[in-house]
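Observations on the model geometry
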Amino acid sequence: MKNTQIQFDIISQIQSVLHTAGIPFWLRGGWAVDFLLERITREHSDIDLVAWKRHAVQLRSLFEQADFTFMRDTGVQYDFTKCGQEISVVFISQIRGELFVEGIPDWVWLPEALSLPPQELDGSFCHVLSPAQLLEEKVGYQKDTGRSPRTKDLQSMKTLNQIIMS
């Protein structure tokens, strides 16, 4: 679980850098589930974040100053690496209260997607997407791509349903 500790340290660094700059962000994917459960459940292949599109240029500059390597701009997200770990930042916008990712009109964003207070994991605090938003992303991705769910996706969906129902 060496990568897990490296990723956790990177998340803590991201929290520090962006908090200092006043740039909000939210974890998504497996790390978001772990923060919701307040425990690390498995090794993760990457770190997935969400931030406001209006902060994209400043976020990139701050990450590069913190020794993150910029890999690519896909038009909807920036991809970085640090210490051999992949970090993706999807950028959202809001018009008339509606959240969306420019360029992915089918990606459903629920009104409560960004509503949770910071969650704690091993002394680190981060905002995470709501369980309903995380679940919507899993279900929507499978529906839109036709991809069969991976074992980790099925487990995340089960866990998110349990969190929602509790």
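Preceding this section is the structure that the text describes.
What this report covers is the structure whose coordinates are included nearby.

Cut-off values and rules
Residues numbered from 1 in each chain as written. Predicted model: local features only at pLDDT ≥ 70, side-chain atom pairs only at ≥ 80, totals over all residues. Heavy atoms only, no water. Helix = DSSP H or I, 4+ residues; strand = E, 2+ residues; numbered from the N terminus. Polar contact = N/O pair within 3.5 Å; in protein donor to acceptor, adjacent residues only side chain to side chain. Contact = heavy atoms within 4.5 Å. Buried < 20%, exposed > 50% of the residue type's maximum accessible area, 1.4 Å probe, protein only. Core = buried A, V, L, I, M, F, W, Y, C linked by side-chain atoms within 4.5 Å. Salt bridge = Lys/Arg side-chain N within 4 Å of Asp/Glu carboxyl O. Phe/Tyr/Trp six-rings, centres within 6.5 Å; stacked < 30°, edge-to-face > 60°. Lys NZ or Arg CZ within 6 Å of the ring centre and 35° of its normal. Pairing = 2+ DSSP bridges.

**Some details on the side chain of arginine 28**
One can find arginine 28 in strand 1 (residues 25-28). A distance of 2.4 Å separates a polar atom in the side chain of arginine 28 from a polar atom in the side chain of glutamate 137. Ignoring sequence-local partners within four residues, the contact set of arginine 28 consists of Asp48, Leu49, Val50, Val90, Trp107, Leu129, Leu134 and Glu137.

**What about the environment of threonine 41?**
Tracing the sequence through the fold places threonine 41 in the loop between helix 2 (29-37) and strand 2 (46-52). The partly exposed category is assigned to threonine 41, whose relative accessible area is 39%. In the structure, threonine 41 is positioned 10 residues away from tryptophan 31 in sequence and 8.9 Å away in space, judged by C-alpha atoms.

**Quick word on the nonpolar core**
The biggest cluster of nonpolar side chains holds 48 residues, and the ones touching the most others in it are Leu27 and Phe63. Setting aside residues up to four positions removed in sequence, phenylalanine 63 forms contacts with Ile14, Leu18, Leu49, Phe68, Phe80, Ile87 and Val89.

**Some details on the pattern of salt bridges**
As a working rule, side chains carrying opposite charge can pair if their charged atoms are close by. Applying the stated criterion across every chain yields a total of 7 salt bridges. Residues aspartate 153 and arginine 150 are paired through a salt bridge, measuring 2.8 Å at the closest nitrogen-oxygen approach. Its relative accessible area of 0% is what places aspartate 153 among the buried residues. According to the relative accessible area criterion, arginine 150 is partly exposed, its value standing at 38%. Linked through salt bridges whose partners overlap, the residues forming this network are Lys138, Arg147, Arg150 and Asp153.

**Things to note about the packing of aromatic side chains**
Taken as a whole, this structure holds 11 aromatic pairs when the rule is applied. With centroids separated by 6.0 Å and ring planes inclined at 85 degrees, the aromatic side chains of tryptophan 26 and tryptophan 52 adopt a geometry described as edge-to-face. Within this pair, whereas tryptophan 26 is found in strand 1, its partner tryptophan 52 is found in strand 2, the two being separated by 26 residues in sequence. There is no split in this pair, since tryptophan 26 and tryptophan 52 are both buried. Measuring from centroid to centroid gives 5.3 Å for phenylalanine 70 and tyrosine 78, while their planes differ by 90 degrees, and the two rings are edge-to-face. Under the relative-accessibility criterion, tyrosine 78 is labelled buried at 9%. Taken together, the ring pairs connect Phe63, Phe68, Phe70, Tyr78, Phe80 and Phe91 into an aromatic cluster. Cation over ring: arginine 60 sits above phenylalanine 70, and NZ or CZ is 3.5 Å from the ring centre.

**Concerning the pairing of strand 1**
Burial along strand 1 is two-sided: the face carrying Phe25 and Leu27 and the face carrying Trp26 and Arg28 are both buried. Pairing geometry for strand 1 and strand 2, over 4 bridges, is antiparallel. Pairing of leucine 27 across the sheet is with leucine 49, part of strand 2.

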